[in-house]
Amino acid sequence: MPTPYPAVNDVVGTVLSGAREVLGPDLIGFYLDGSLALGDFDRATSDVDFIAAIARPLSPSAFAALADMHRQLRDSGRPFAAELEGSYIPLPALRRHDPADATFANHERGPEEVLKYKYHHSDWVIHRHIVREHGVTLYGPPPDSLIAPVAPDE
């Protein structure tokens, strides 16, 4: 169990298995981020942050399949299903933030949210740092093998 919260484990397990089914070998890694990685998760207020490392940008059919999977999960009524927040980031962009290559498939928390493309501003280096240094690996190699160190001035 990746976390001490069975309902969270259930939801992230569903996302991971759905991503593996859709992406196959293009799914390189799947990591928990944010409060779950830092140990300050609060069942009443926290979201469930994740980053999926992918080999290449999503094809239109892969994006549509992932969007459908997220929509079905969100609408399932399961605990934390509407609290998921995460991105599918190709390896080169995950390694280091590049403002010229910073638009990725992203899912925000909320009962009406859907998977969509979103620009990741420079504050995403914080997510990269958290995953690199504290991320919970659910699938794939250690995150520090995929993400470059984040300098304090970044």
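Heads up: the structure comes first, above all this text.
Residues numbered from 1 in each chain as written. Predicted model: local features only at pLDDT ≥ 70, side-chain atom pairs only at ≥ 80, totals over all residues. Heavy atoms only, no water.

Trainee: It is not clear to me how the sheet that holds strand β5 (residues 116-119) should be interpreted in this structure. Could you clarify?
Mentor: The strands that make up a sheet are held in pairs by hydrogen bonds between backbone atoms, and each pair lies either parallel or antiparallel. Spatially, β5-β4-β3-β2-β1-β6 is the arrangement adopted by the six strands of the open sheet, whose pairing is mixed. Looking at which strands have only one partner, the edges of the open sheet turn out to be β5 and β6 (136-139). The average angle at which neighbouring strand axes cross in this sheet is 30 degrees, direction not considered. Bridge count between strand β2 (residues 48-54) and strand β3 (residues 84-90): seven bridges; the pairing is parallel. The residue of β3 that forms the bridge with Ala52 is Tyr88. (Pairing = 2+ DSSP bridges. Helix = DSSP H or I, 4+ residues; strand = E, 2+ residues; numbered from the N terminus. Axes fitted to C-alpha atoms, helices over the stretch in contact; angles between N-to-C directions.)

Trainee: Could you clarify how one ought to interpret the environment of Pro4 in this entry?
Mentor: Position of Pro4 among the secondary structure elements: in the segment before α1 (6-23). In the structure, Pro4 is positioned 32 residues away from Leu36 in sequence and 9.6 Å away in space, judged by C-alpha atoms.

Trainee: Just checking my understanding: could you explain the nonpolar core for this structure?
Mentor: Soluble globular proteins tend to pack their nonpolar side chains together in the buried interior. Core analysis: the biggest nonpolar cluster contains 31 residues, and Val8, Val15, Leu23, Val48, Leu58, Leu66 and Tyr88 have the highest contact counts within it. Per-element accounting of this core gives the leading share, seven residues, to α1. Ignoring any residue separated from it by four or fewer positions in sequence, one finds Leu58 in contact with Leu23, Phe63, Leu66, Tyr88, Ala105 and Tyr117. Core analysis: the second largest hydrophobic core is formed by 12 residues, Tyr31, Ile51, Ala93 and Leu94 among them. (Core = buried A, V, L, I, M, F, W, Y, C linked by side-chain atoms within 4.5 Å. Buried < 20%, exposed > 50% of the residue type's maximum accessible area, 1.4 Å probe, protein only. Contact = heavy atoms within 4.5 Å.)

Trainee: Sorry if this is basic, but what is going on with the pattern of salt bridges here?
Mentor: Side-chain pairs of opposite charge can arise whenever the charged atoms involved come near each other. All told, the structure shown has eight salt bridges when counted by the stated rule. A salt bridge links Arg71 to Asp68; the nearest nitrogen and oxygen atoms lie 3.4 Å apart. Placement of the pair is Arg71 and Asp68 together in helix α3 (residues 60-74), with a separation of three residues, close to one helical turn. Given a relative accessible area of 34%, Arg71 falls into the partly exposed group. A salt bridge links Arg109 to Glu83; the nearest nitrogen and oxygen atoms lie 2.5 Å apart. (Salt bridge = Lys/Arg side-chain N within 4 Å of Asp/Glu carboxyl O.)

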